[in-house]
Amino acid sequence: MILHLLVWFSACPAPAAQVEARIAPRAGGYGVYALPRLAPSLGTPSLSLAAPSLTGLSSPSPAAVPIPTLTPAVVPMAPAGMPAVAPVSVQEALQQGLERYGQAQSADPSGGSGAAAIQGLYEGESRSPGLQALDDGVLVNDEGVGVFGKAAAYYKEIRRTVERLKGRADLSESLDVMDDAYGDVWAKLKAVEAIAQSRQIEQHNTHLEESLTWVDGVMRDHGRSVAIHTHRVFFHRSPNPQSEIAEGIRRTDKYLYDVLKQFVRNGHAEKAMGQFQEVVLAFDTRGYQEIKAHLRGREAEITKAFKGRYRFVYLDDLVTPPASPEAMRAELNALTEKYRGKGLDKIIEGVIYSRYVGLLLELKTVEHLLDSGYRILQSGRELFDAEKKYITELDTVVLSPEGKVIVVEAKSARVQLPPEEVLKDKVIAKLDCYLKNRALLEKFIGKSFDEVLFSFDVGRQPELAEFLKGREAELSRRYGVPVRFLFLETGPAQGRQGKHKKK
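Let me begin by describing the structure that accompanies this report. (Residues numbered from 1 in each chain as written. Predicted model: local features only at pLDDT ≥ 70, side-chain atom pairs only at ≥ 80, totals over all residues. Heavy atoms only, no water.)

### Let's talk about the sheet that holds strand β8 (residues 217–221)
With mixed pairing, five strands are arranged side by side in an open sheet as β5-β8-β9-β10-β11. This sheet does not close on itself; its edge strands, each paired only once, are β5 (201–202) and β11 (310–314). Across the sheet, helix α5 (residues 179–196) is in contact with β5, β8, β9 (224–232), β10 (278–284) and β11; its angle to β9 comes to roughly 150°. (Pairing = 2+ DSSP bridges. Helix = DSSP H or I, 4+ residues; strand = E, 2+ residues; numbered from the N terminus. Contact = heavy atoms within 4.5 Å. Axes fitted to C-alpha atoms, helices over the stretch in contact; angles between N-to-C directions.)

### Digging into the packing of helix α6 (residues 241–263) against helix α8 (residues 289–306)
At a closest axis distance of 10 Å, the pairing of α6 and α8 adopts a crossing angle of 20°. Considered as vectors, α6 and α8 are oriented roughly parallel to each other. For the crossing formed where α6 meets α8, the hand is right-handed. Seen from α6, the contacting residues are Glu244, Ile245, Gly248, Ile249, Thr252, Asp253, Leu256 and Leu260; seen from α8, they are Glu290, Ile291, His294, Leu295, Arg298, Ile302 and Phe306. Here the contact of α6 with α8 is built from residues that sort into eight nonpolar, three polar and four charged. (Parallel < 35°, antiparallel > 145°, perpendicular 65-115°, else oblique. Left-handed = near helix turned anticlockwise from the far one by under 90°. Nonpolar A, V, L, I, M, F, W, Y, C, P; charged D, E, K, R; others polar.)

### What about the packing of aromatic side chains?
This model, assessed by the stated rule, comprises 13 aromatic pairs. Ring plane angle 35° and centroid distance 5.1 Å describe the contact between phenylalanine 283 and phenylalanine 312, whose orientation is recorded as tilted. On the criterion of sequence distance, the pair formed by phenylalanine 283 in strand β10 and phenylalanine 312 in strand β11 is long-range, its members being 29 residues apart. You can call phenylalanine 283 buried: its relative accessible area is 1%. Seen from their ring centres, phenylalanine 456 and phenylalanine 487 are 6.5 Å apart, and the 40° between their planes marks the pair as tilted. Of this pair, phenylalanine 456 sits in strand β15 (residues 451–457) while phenylalanine 487 sits in strand β16 (residues 483–488), and the two are 31 residues apart along the sequence. For phenylalanine 487, a relative accessible area of 0% puts it in the buried group. Counting every residue linked through ring pairs, the aromatic cluster contains Tyr255, Phe283, Phe312 and Tyr314. Its end group placed over the ring of phenylalanine 148, arginine 340 keeps NZ or CZ at 4.1 Å from the ring centre. Above the face of the phenylalanine 467 ring, arginine 471 is positioned so that its terminal group lies 4.9 Å from the ring centre. (Phe/Tyr/Trp six-rings, centres within 6.5 Å; stacked < 30°, edge-to-face > 60°. Buried < 20%, exposed > 50% of the residue type's maximum accessible area, 1.4 Å probe, protein only. Lys NZ or Arg CZ within 6 Å of the ring centre and 35° of its normal.)

### Thoughts on unusual backbone geometry
For glutamine 203, which is not glycine, the phi dihedral falls at a positive 50°. Positioned with a positive phi, glutamate 210 is a non-glycine residue whose angle comes to about 55°.

### Side note on the packing of α5 against helix α9 (residues 325–339)
At a minimum axis distance of 10 Å, the contact between α5 and α9 shows a crossing angle of 50°. Taken together, the axes of α5 and α9 lie oblique to each other. For the element pair α5 and α9, the recorded crossing hand is left-handed. In this structure, α5 uses Asp179, Tyr182, Gly183, Val185, Trp186, Leu189, Lys190 and Glu193 to contact α9, whose residues at the interface are Pro325, Met328, Arg329, Glu331, Leu332, Leu335, Lys338 and Tyr339.

### Structural notes on the pairing of β11
A regular strand carries its side chains on alternate faces of the sheet. Among the five residues that make up β11, four are buried, leaving the element largely enclosed by the rest of the structure. Inspection of the sheet shows β10 paired to β11 by five bridges, in the parallel sense. Counterpart to phenylalanine 283 in the pairing with β11 is tyrosine 314. In this view, the connection linking β10 to its parallel neighbour β11 by way of α8 has right-handed handedness. (Right-handed = clockwise from strand over helix to strand, strands pointing away.)

This is how it looks when you write it as structure tokens:
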């Protein structure tokens, strides 16, 4: 059987209002900049949306999968130093954090969601333990989970931003997003433990430049080099299990398409990390046997096509998953205690940091729009069809001072990627989804929308901001609705290494 994977994310963005972006950087933590349109002489890339396909992979060759030119990766910002405190056992403090989080949930009259607890802990004198720093630099967050390094720096900035937004916006649905990140960390560490056992792990959480792939680790097995890469199936929660199954399968096929490009012989991963004799792909299917059965079918195709290069393992065959989000957090804290200061702690720091980057951008976008006179209509809502099948999520819907309804999509692009890839995956895919489901979207909002606004944090890539800004007119013509870009610097102020200049 020939492997044929044709899957892309169906992300859906929405209308945007023209926001004045020439605002001086603020002491509060971020700057805003706008860039002029590109001159026509620079050309306009094709907006073709042809789906990718992998066919005839029984005889893979480097020529069949072009390898991008390797360029320096974006250097992450240095974390702020942690204050010194009295010595205390990390595990003791983490457990205390979980207990305090549980108490906050119990006291929450809305039912005790994680997000409600975060917001509630800002009220009155009874504050969260979230800024408690342990003696080795671990910070206990509002959910009782230990974070450190870049993740801790971003968490503190999130806390400051939420404090500034208190009473101005309902953030409950926007904030309740971290358990998937905790699950990702747990799955990766448990997979590495189960697969490697006593074997040595090298090159922990290695980023493949110009990609969104981080390789969990490389182990030595009787002289063989074996790469380990874990995928925890992602889906948006729905009352209809078929929605979760369908989304999980779609995203997993997209993952397989990407990972096969990265790990092909003499491909991107081997150029960066050396040759592998085997690649182990570990999957957490989160209890869905339908998704596992689908993956077993893919496994048979890939095994035949690549003749033993890839080995599939399934996490539920190796370990018992935690029975609840609270149990997941407790196990994650135990893993933090076990691996803090060792190579595998890069997975813990990196995954949580990455999710905090996206969350902080959403919060800073809300803050900027409120400060600019916009009114928040919705924030952090998910759109489902009549059968409760997931369609897309709306980061924010706002009403401009001029009375325009604008759908706002926040997109982090701090990792260096080809600009055309950013445009296709983060912008065009959303626009296609929004416009395909426009009638349902406007019914959900309760109003027709007038514009779509993309809020981007591009890190230290002003050329990417310029590229995207230059696509506004073309995208507006193509989709029949004004499409605009807003660019924010959202990282912790103390961690910045310079600011983008306005043009």
